[in-house]
Amino acid sequence: MKHLATLLVFIFIYMQTLQATSLQKVEPAFWWAGMRNPELQILLYGENIASSEVSLSAEDVHLKRIVKPGNTDYLLLYVDLSKSVPQTFDIVLQQGRDRMVVPYELKKRDTGSANRKGFSSGDVLYLIMPDRFANGDTSNDVIKGMYEAKVDREDPSARHGGDIKGINNHLDYISDLGVTAIWLNPIQENDMPGGSYHGYAITDYYQVDRRFGTNEDFCKLVDSAHAKGLKVVMDMIFNHCGSENYLFKDKPSKDWFNYPDNYTQTNFRTATQSDKYASDFEKNLALNGWFAEVMPDFNQRNEDVATYLIQNSIWWIEYSGINGIRQDTYPYADFDGMSRWCKAVMDEYPDFNIVGETWLNNNILVSYWQKDSRLAAPKNSNLPTVMDFPLMEIMNQAFDEETQDWGGGLYRIYDYLTQDIVYANPSNLLTFLDNHDTSRFYRTRESTSNLNRYKQALVFLLTTRGIPQIYYGTEILMAADKANGSDGLLRADFPGGWKGDKHNAFSMTERTARENEAYTYLRKLLQWRKGNNIIAKGTLKHFVPKNGVYVYERKYENKSVVVFLNGTDKQQTLDLSSYKEVLPSITAIDFAGKEVHLDKSLTLKERETLILTF
Ligand code: CA
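Reference entry: report on the structure contained in this document.

## Observations regarding the layout of surface pockets
Stage number 1. Size it by volume and the largest pocket reaches roughly 550 Å³.
Stage number 2. As for the largest pocket, its lining consists of 23 residues, of which F291, Y332, E357, W359 and D437 are closest to the centre.
Stage number 3. Among the residues forming the lining of the largest pocket, the class breakdown is 10 nonpolar, six polar and seven charged.
Stage number 4. Here the second largest pocket is characterised by a volume of approximately 380 Å³.
Stage number 5. Looking at the lining of the second largest pocket, the elements with two or more residues in it are α12 (451-463), α13 (513-529) and β26 (609-613).
Stage number 6. Sorting elements by how many residues they give to the lining of the second largest pocket places β26 first, with three residues.
Stage number 7. Looking at the lining of the second largest pocket residue by residue, the class counts come to five nonpolar, two polar and eight charged.

Right, dumping it as structure tokens:
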């Protein structure tokens, strides 16, 4: 009898195992008890799974509804977890006499998870393209069975082998530089035949690309970063996925994608989303056209799709401990769908932060996408932070030109900031000189000889309103011009990130004198800014540029910082009587620790930058 029972149990387990192999995906793979939103969508993907009878083994997990999207390989279970405790329960799928048991874990949340701190104007983000920063593990360079199974550092569009371990190995360097957060270009799986290194064609939303490491490696990176006082911002892409994503190749239903059967290119005219005169034809193409032929466009008006994406971001936050999200191609996606996403994330984590890639040409259009924008009312994007692309364009001109009384040079910056009234929250603007999609601030290596341009730009970036972001390599004057062709060149390898690199810019002794001058200046500035409430929280007051000099004050409580930027190639003497309201004493300490006298006039050398603290 005992033997028979053992045999029956064995047969039973064998049958379960046999059936379970036909189940290819359970997403999310696990979840947590005690989330603010008690509803969970569990996506099951397996051959002919839709014909199963579904039941759950737990009494405190309630199966609310089952969605069969059309493709019989999918089931979407919506469960109510409002009364659930941490546990592993069974999802039981019955097909006639066949029975499949899928254990599903509800984890216990980490203490304080809901209260995690996002990035803010007290932070400086350091943007890293993981494939191009450092190769910490050559054993993952080539993964058998993946489409791009080679590295070629001579080819700007190929994979170069950088990875999570490489970033982890250099966290001390990053933290010592003085930035307080890292933003990584996407690390999710991009198993695509070409261009997979940049990461913007996701083929598995729940998996780190194995060429970067494992999910656990990413969690370890986040933990190590936190231990060094660095926040982590994760890149997400919800507008589109990679065409090799199983959700596209074997769609749950056609309406998971826009133009599901025929690739239709977006026209990139995203101003149509806020343009009151836009034609339906162009608005539709901007929104529903694909970003590229290899990047099919999600239909977020489908509630199941929106929920899938919302849960994916919450899963990564809860699982890995990240502090923020950078959301790609923001105005290409459905306004209401993305608004629902932002609200869901921010409801779950009230101090979190999300920045959307709002690549639009002027402040009016950018401001439309920020939370509480009066221009979008009564709609609300719920997106806390938007990207200040217009300021990037201006900064790339302003420090080269002569500043005039009514235009040019630093006047452009002054003029632009006078229009901040359009923004619902100017301090939640991500500010930057460049990023992975643009020319670097220095177009050529030769032009880096002009370090006054560098110093003025970085002082301005790090002392004006907003949340500054610095692109990796800025500290060592990496130069690149988008006009030279491949975007891969804007994402060059950080020198020293690969074993055997002739030039190791991670090391002070190996950096050139000019690189060290730039590095040292930026490091000092970043270290000074870190924890400095005058910059993080202070008010901003500026003056119309006079004699080509732009003057502004940041003030918090009874402390202030006053910056003088000489935007001309000539020495300038300023009559200080106009600036009395920001000069509380006749002496101040400059950035070098030297005392500066401010009785009647102040003389600034050509392109001089002066930072005074009071
Ligand atoms: Ca590697």
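Still more ground to cover, so stick around.
## Some details on unusual backbone geometry
Stage number 1. In this structure, the amide linkage connecting E27 to the following residue, P28, adopts the cis form with an omega of -10°.
Stage number 2. Tracing the sequence through the fold places P28 in the loop between β1 (23-27) and β2 (30-32).
Stage number 3. The omega angle of the peptide bond from A377 to P378 is 5°, so this bond is cis rather than trans.
Stage number 4. Looking at the secondary structure, you find P378 in the loop between α9 (363-368) and β16 (385-387).
Stage number 5. A positive phi is found at N382, a non-glycine position, where the angle reads about 65°.
Stage number 6. If you trace the backbone, N382 turns up in the loop between α9 and β16.

## Remarks on the coordination of the calcium ion
Stage number 1. With distances of 2.3 to 2.5 Å, the protein atoms coordinating the calcium ion are N135 (OD1), D137 (O), N140 (OD1), D141 (OD), G161 (O) and D163 (OD).
Stage number 2. The sequence motif formed by the donor residues of the calcium ion is N-x1-D-x2-N-D-x19-G-x1-D.

## Section: the packing of aromatic side chains
Stage number 1. With the rule as written, the count across this model stands at 53 aromatic pairs.
Stage number 2. Here the aromatic rings of Y330 and W369 are separated by 5.9 Å at their centres, their planes lie at 80°, and the arrangement is edge-to-face. Of the two residues, Y330 is situated in the loop between β14 (324-327) and α8 (335-348) and W369 in the loop between α9 and β16; the sequence distance between them amounts to 39 residues. By the burial criterion, Y330 is buried, and W369 matches it.
Stage number 3. Arranged with centres 6.1 Å apart and planes meeting at 90°, the rings of F460 and Y552 form a pair that is edge-to-face.

## A short note on the sheet that holds strand β24 (residues 595-597)
Stage number 1. Overall, antiparallel pairing links the six strands, which are arranged β19-β20-β21-β26-β23-β24 in an open sheet. The open sheet is flanked by β19 (539-542) and β24, the only strands paired with a single partner. The sheet shows a mean angle of 30° between the axes of neighbouring strands, direction not considered.
Stage number 2. Bridging between strand β23 (residues 587-590) and β24 involves three bridges; their strand directions are antiparallel. Bridge pairing in β24 places T587 opposite H597.
Stage number 3. Along the sheet, helix α11 (residues 410-417) makes contact with β19, β20 (549-556) and β21 (559-566), crossing β20 at roughly 40°.

## Looking at empty space enclosed by the protein
The rolling of a water-molecule-sized probe over the atoms marks out the regions of remaining empty space.
Stage number 1. In the structure shown here, the tally under the stated rule is four cavities of 30 Å³ or more.
Stage number 2. If you add up the space inside the largest cavity, you get close to 60 Å³.
Stage number 3. Every residue along the wall of the largest cavity is listed here: L433, D434, R440, F441, Y442, Y454, L458, T474, L477 and M478.
Stage number 4. Classifying every residue of the lining of the largest cavity by side-chain character gives seven nonpolar, one polar and two charged.
Stage number 5. As a volume, the second largest cavity reaches approximately 40 Å³.
Stage number 6. Considering the residues around the second largest cavity, the lining is formed by F238, Q300, A306, L309, I310, G337, M338 and W341.
Stage number 7. Sorting the residues of the lining of the second largest cavity by element identifies α7 (303-320) and α8 as the ones contributing at least two each.

## Points about α7
Stage number 1. Helix length check: α7 (18 residues) gives 26 Å between terminal C-alpha atoms against 26 Å at 1.5 Å per residue, within 8%.
Stage number 2. The buried fraction of α7 is high, at 16 of 18 residues.
Stage number 3. Measuring from the backbone nitrogen of D304 back to the side-chain oxygen at the start of α7 gives 2.8 Å, which picks out N302 as the cap.
Stage number 4. Looking one or two residues past α7, G321 carries a phi angle of roughly 85°, positive in sign.

## Comments concerning the pattern of salt bridges
Stage number 1. Going through the model one piece at a time under the given rule, you end up with 36 salt bridges.
Stage number 2. One continuous salt-bridge network, built from bridges that share partners, spans D235, R326, D328 and E357.

## Examining the environment of Y263
Stage number 1. With respect to the element layout, Y263 can be found in the loop between α5 (246-249) and α6 (280-288).
Stage number 2. Classification of Y263 by relative accessible area gives partly exposed; the value is 34%.
Stage number 3. Separated by 158 residues in the primary sequence, Y263 and E105 have C-alpha atoms spaced 38 Å apart.
Stage number 4. Residues within four places of Y263 in sequence aside, it is in contact with W290, A292 and E293.
Stage number 5. At 2.6 Å, the side chain of Y263 forms a polar contact with the side chain of Q265.

## A word on the pairing of strand β8 (residues 98-107)
Stage number 1. Pairing between β2 and β8: three bridges, direction parallel. By the bridge assignment for β8, W31 is matched with L106.
Stage number 2. Alignment of strand β7 (residues 87-95) against β8, held across nine bridges, turns out to be antiparallel. Within β8, the position partnered with V92 by the bridge is V101.

Rules and cut-offs
Within any chain, residue numbers begin from 1 and follow the written order of that chain's sequence. Predicted model: local features are reported for residues with pLDDT of at least 70 only, side-chain atom pairs are reported and counted for 80 or more only, and whole-chain, interface and lining totals are derived from all residues. Think of the side-chain values as coming from all heavy atoms in the structure, minus any hydrogens and water. Residues are said to line a cavity or pocket when one of their atoms sits within 4 Å of a point; the points come from a 1 Å grid over protein atoms alone, cavities being sets where a 1.4 Å probe fits but cannot get out and pockets being open sets with protein on both sides within 12 Å along at least five of seven lines. Grid points are joined across faces, edges and corners, and a volume is the space filled by probe spheres set on the points. Here the term charged refers only to Asp, Glu, Lys and Arg, the term nonpolar to Ala, Val, Leu, Ile, Met, Phe, Trp, Tyr, Cys and Pro, and the term polar to all other amino acids, Gly among them. Only DSSP runs of H or I reaching four residues or more are called helices, and only runs of E reaching two or more are called strands; each is numbered from the N terminus. Only nitrogen, oxygen and sulfur atoms qualify as donors, and only when within 2.8 Å of the metal (3.2 Å in the case of Na, K and Ca); with water excluded, sites may look incomplete. Pairing of aromatic rings covers Phe, Tyr and Trp, the last through its six-membered ring, and needs centres within 6.5 Å; plane angles under 30 degrees mean stacked, over 60 mean edge-to-face, and all others mean tilted. Burial classification: accessible surface area is computed with a 1.4 Å probe over protein chains only, and a residue below 20% of its type maximum counts as buried, one above 50% as exposed, and the rest as partly exposed. DSSP-based pairing: two strands are paired if at least 2 bridges between them are found. All axes are obtained by fitting lines to C-alpha atoms, using only the stretch in contact for helices, and the reported angles, taken between N-to-C directions, cover 0 to 180 degrees. Contact definition: two residues touch when any of their heavy atoms are within 4.5 Å. Expected span of a helix: the number of residues minus one, times 1.5 Å. Pairing of N or O atoms within 3.5 Å defines a polar contact, subject to two protein rules: one partner must be a possible hydrogen donor and the other a possible acceptor, and residues neighboring in sequence count only if both atoms are side-chain atoms. Any Lys or Arg side-chain nitrogen found within 4 Å of a carboxyl oxygen on Asp or Glu counts as a salt bridge.

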